[in-house]
Each structure stands twice: as structure tokens, then as C-alpha cells.
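Chain by chain, the residues run as shown.
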Amino acid sequence: MIEQVETPLPPSSELAEPPDGGYGWVCVAAVFFINGFTWGIVAVSPALILGYPPNRN
Amino acid sequence: LVIRPIVTDFRLKSFGVFLSYYLDSNYFPGGTSFDYALVGGLNFTASMLMAPVATATVRQYHMKYTLFAGVLCMSGGFITASFASQIWQLFLSQGVLVGMGCGLIYVPSLPIISQWFGKKRSLVNGITSAGAGVGGLGMSFAIQAMISRLGISWALRIVGIITFAVNLPATMALKNRDGYIHPNRKVFDLTLFLRYDVFLLLSWAFIMMFGYIALTYSLSDYGRSIGLSSARASYQTAFMNLGIAVGRPLAGLLSDRFGRIEIPCICTFATGFLCFALWIPAKTFGVLTFFSILGGSMLGIFWPVSICIFLIYGLYELTLS
């Protein structure tokens, strides 16, 4: 039989503390790009709308 | 009596330029300048209306599904817009669908940074929010080049493909820390609306929104109306994004230090003041560029999605983050 080893979990308050780094930096890079390619594009989309008239035909 | 003729004269003059410009071209039959502006307004409205939907689906299923749906909506919106031939089709595609996508992507990714960073939160939020300015700056030049070389349809398709290629890996890389912390996700906390301070905050955001949209959507139009070439006029949007890229992180840091009500107050007033002091007298490329950069950096304090934050996370969470 496999003996079940119970590893004691650190107190929840310790885990809830933000690590201030680690994989968080990957998330920072991800959100940077998300902001750039959602709101960044929406902010300049007037250019896309203004593009209509001169390029007709 | 004295002011009224001047105001109406100014408005009619500038409005006439836009209107004749759009109507002459007549790309979309019956499309007016108001219709074109409405497409931009729909982006913001649809994204805000998606906030409760995004919060509910994240809680019910997994964050990844909501994000993926958002990526599909946004890219799909641009690609379907390239096939639009009627103005209402443009409303639904480039207006509603793109806006929905934006909301579905942005809202779930919003609280993640605060889960990972505590002490460095202001700095990190500044870095991520500068992304919008940097992205806008780069894309406004890219979009101009695409439109002039490939035409509007292919520019829209390429933008759709680019947003998919960037947003898909970026959203899939996100990890929340829900296993460790148990955030209290309320779809809509209606009791919050009854609070006087929340009501005031929302009113500020809502009213400020008019100014924000008016500024972002008419800056390049205005450039054209004072006789700038269309390339130079469209650079104004790029310059404004440059201002946002610098001003937004700065505004965050200043707000942390000097107060989250005081700094937005000053910036709001300064933006309004600049419109009268610089924008109205601006008749040359140089002055208008100066206004765009300065106005953009002041405008950084107001982020359209801050309304989403108020709605979803409430005032308490807002003071924390």
C-alpha cells in the first residue's frame, strides 16, 4: 500500500500574499500586449474608419 | 447674444467640413459623420456592457474560455467589417463585435496583476497600462501605411489577424492565483450604486467619457479641417497615444503619492482647460501636435475601462489597487 504522506500546507495567509515577481512578470508582459492590442487598436480605429472614403473603388 | 453666433459659426464650419467630406465620398450609402462616430462609441459601450457577462462566465466556467471568446469576437469583428457594404453592418462588426471582444478580453485580465503584485503594484500597473499607448502609437502608423498601400478592406483583415496572433498567446499565458486567494466576484453589486460617493464617481466617469470620445475621435478630423494633409492629420492620433503611453504610468504613480481623487481632479480640469486654451486656437501642425501630446498625457488619467473597474470591483477594491 502506498503510504499517504500529508505535506502540511503553509498557512493560507502566507499563500495569499502576492509574490511580487516570478510568473507575475509573464502576466505583466501578457497584459501589456493585451492592452496594446485591444484598447490601443480601438483608440486608433478612427484611422480605420477615416480610411473608408479615399479608398473607395 | 455675442457668444452665440461665434459658437454656432465655429460649430457649423468644422462640422461642415466633416460632413461634406464623408458625404462626398459616400462609401456607405447614407452614412453620415454621426454614423462614423457612432462606430467608435459602440466600441466603448459594447465593451462596458460585456463587463458583467465576462465576470459571470469567468466565475461559472474558466477564465480561458471567456478570454478565447473575446479574442475570437475582436478579430472576427475586424475581419467581418472588411466585408461590410452597409453602415449597419459596420455598426455590428467594427462597432459591437470588436467592443464585445475588448470587454471579454480586458475584464478577466484586469485583476490578475493585482493578484501577483503587492508592493510593486503601482509600477506594474503603470507598465501594463502604457501598453495601450505604445500599441496605439505603433498601430496608427501601421494602419495608415496599410490603408494607403492595400486599401481599407485588407487593412481591416490584417488588423484582425494581428490582434488574433498577439492576443491569443498573451491571454493563454495569463494565470490567476484563484487557488490561493478567493476573490469575491460579484456580477453587479447594486447596493454600491446607492452610495453617494460611488454615484459621484460614476457620474464623473460617465461625463468624462463624452470628452474622451470627442477628443480621440475628432482630433484627426480637426487636423484635416484646418488644412493639414491627411497623413499629418492622422499623425495626431498617434501623437495622442504617445502622450497616453507616457502620461498613464505617470498619472498612476502620482495618484498613489498625492491622492487618487486629487490627481484625477487636476488632470480632468487641465484637459478641459487645454481644449479651450490650445485646441481651439490651434491652426498649425506644430500647435496641434503640442496639444495632442499634452492632452494625451493628461487624458491618461482617465481610462475608459475605469468604469468597468468601478462597476465590477467596487470602490473598496479600487482603493486597494
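The structure contained in this document is the topic of the report that follows.

Scanning chain A from N- to C-terminus turns up two helices and zero strands. Relative to its 57 residues, chain A shows a buried fraction of 47%. With an accessible surface of roughly 3,200 Å², chain A has 60% of that area assigned to carbon and sulfur atoms.

On to the overall build of chain B. Within chain B one finds 13 helices and zero strands. Mapped from its N terminus to its C terminus, chain B presents α and β elements in the order α-α-α-α-α-α-α-α-α-α-α-α-α. Buried residues in chain B amount to 50% of all 321 residues. Sequence-distant contacts, at least 24 apart, represent 78% of the contacts inside chain B between residues at least 6 apart.

With that settled, consider helix 4 (residues 87-109) of chain B. Under the 1.5 Å per step criterion, the end-to-end length of helix 4 of chain B is 32 Å for 23 residues, consistent within 8% with the ideal 33 Å. The buried fraction of helix 4 of chain B is high, at 17 of 23 residues.

Right, let's get into the packing of helix 11 (residues 262-279) of chain B against helix 12 (residues 285-299) of chain B. For any two helices packed against each other, one specifies the crossing angle of their axes together with the interaxial distance. Residue and element names in this part refer to chain B. Contact geometry of helix 11 with helix 12 gives a least axis separation of 9 Å together with a crossing angle of 170°. With respect to helix 12, the axis of helix 11 lies roughly antiparallel. Along its contact with helix 11, which presents Cys-267, Ala-270, Thr-271, Leu-274, Cys-275, Leu-278 and Trp-279, the element helix 12 presents Val-287, Leu-288, Phe-290, Phe-291, Leu-294, Gly-295, Met-298 and Leu-299. Split into classes, the residues belonging to the contact of helix 11 with helix 12 amount to 13 nonpolar, two polar and no charged.

Assignment of secondary structure puts B:Ser93 in helix 4. For B:Ser93, a relative accessible area of 5% gives the class buried.

Moving on, we come to the packing of aromatic side chains. Scanning all chains against the criterion turns up nine aromatic pairs over all chains. Centre to centre, the rings of A:Tyr23 and B:Trp116 are 5.9 Å apart; their planes meet at 45°, and the pair counts as tilted. Residue A:Tyr23 is found in the loop between helix 1 (12-16) and helix 2 (24-50), and its partner B:Trp116 is found in helix 5 (residues 112-116); the two belong to separate chains. The class for A:Tyr23 is partly exposed, based on a relative accessible area of 28%. Ring centres 5.8 Å apart and planes at 90° place the aromatic pair A:Phe32 and A:Phe33 in the edge-to-face group. Take A:Phe33: its relative accessible area is 42%, and that puts it in the partly exposed class. Ring-pair connections join several aromatic residues into one group, and the members of that group are B:Tyr222, B:Trp279 and B:Phe291. Its end group placed over the ring of B:Phe83, B:Arg157 keeps NZ or CZ at 4.6 Å from the ring centre.

To continue, consider a nonpolar patch on the surface. All names here are of chain B. Together, Phe-68, Leu-72, Phe-164 and Met-172 line one region of the surface with nonpolar side chains, adding up to about 330 Å² of accessible area. Counting residues per element, the ones that place at least two in the nonpolar patch are helix 3 (63-81) and helix 7 (152-173). Mapping Met-172 onto the fold places it in helix 7.

Take the environment of B:Val53 next. Relative to the helices and strands, B:Val53 is located in helix 2 (residues 33-60). For the pair formed by B:Val53 and B:Ile261, sequence separation is 208 residues and the distance between their alpha carbons is 29 Å.

Okay, the side chain of B:Thr128 next. Summarising the element assignment, B:Thr128 is placed in helix 6 (residues 121-150). Assessed through its relative accessible area of 4%, B:Thr128 is described here as buried. Every residue in contact with B:Thr128, bar those within four places of it in the chain, is listed here: A:Val28, A:Val31, A:Phe32, A:Asn35 and B:Ile113.

All right, on to the nonpolar core then. Grouped together as the largest cluster of nonpolar side chains are 65 residues, with contacts concentrated most on B:Met139, B:Leu174, B:Trp279, B:Leu288 and B:Phe291. If you tally residues by element for this core, the top one is helix 2 of chain A, at ten residues. Look past the residues within four positions of B:Met139 in its chain and what remains in contact with it is A:Phe37, A:Ile41, A:Val44, B:Met146, B:Val159 and B:Ile162. Judged by nonpolar contacts, the second largest core, of six residues, contains B:Met50, B:Ala51, B:Ala54 and B:Cys73.

Attention now moves to the packing of helix 3 of chain B against helix 4 of chain B. Residue and element names in this part refer to chain B. At a closest axis distance of 7 Å, the pairing of helix 3 and helix 4 adopts a crossing angle of 155°. Taken together, the axes of helix 3 and helix 4 lie roughly antiparallel to each other. Relative to helix 4, the crossing made by helix 3 is left-handed. Of the residues belonging to the contact of helix 3 with helix 4, the class tally is 16 nonpolar, eight polar and no charged.

About the criteria used
Residues numbered from 1 in each chain as written. Chains lettered and ligands numbered in written order. Predicted model: local features only at pLDDT ≥ 70, side-chain atom pairs only at ≥ 80, totals over all residues. Heavy atoms only, no water. Helix = DSSP H or I, 4+ residues; strand = E, 2+ residues; numbered from the N terminus. Buried < 20%, exposed > 50% of the residue type's maximum accessible area, 1.4 Å probe, protein only. Areas by Shrake-Rupley, 256 points an atom, 1.4 Å probe, with all protein chains shown as cover. Contact = heavy atoms within 4.5 Å. Expected span 1.5 Å × (residues − 1). Axes fitted to C-alpha atoms, helices over the stretch in contact; angles between N-to-C directions. Parallel < 35°, antiparallel > 145°, perpendicular 65-115°, else oblique. Nonpolar A, V, L, I, M, F, W, Y, C, P; charged D, E, K, R; others polar. Phe/Tyr/Trp six-rings, centres within 6.5 Å; stacked < 30°, edge-to-face > 60°. Lys NZ or Arg CZ within 6 Å of the ring centre and 35° of its normal. Patch = residues over 30% accessible without salt bridge, like charges linked within 9 Å, V, L, I, M, F, W, Y side chains within 5 Å. Salt bridge = Lys/Arg side-chain N within 4 Å of Asp/Glu carboxyl O. Core = buried A, V, L, I, M, F, W, Y, C linked by side-chain atoms within 4.5 Å. Left-handed = near helix turned anticlockwise from the far one by under 90°.

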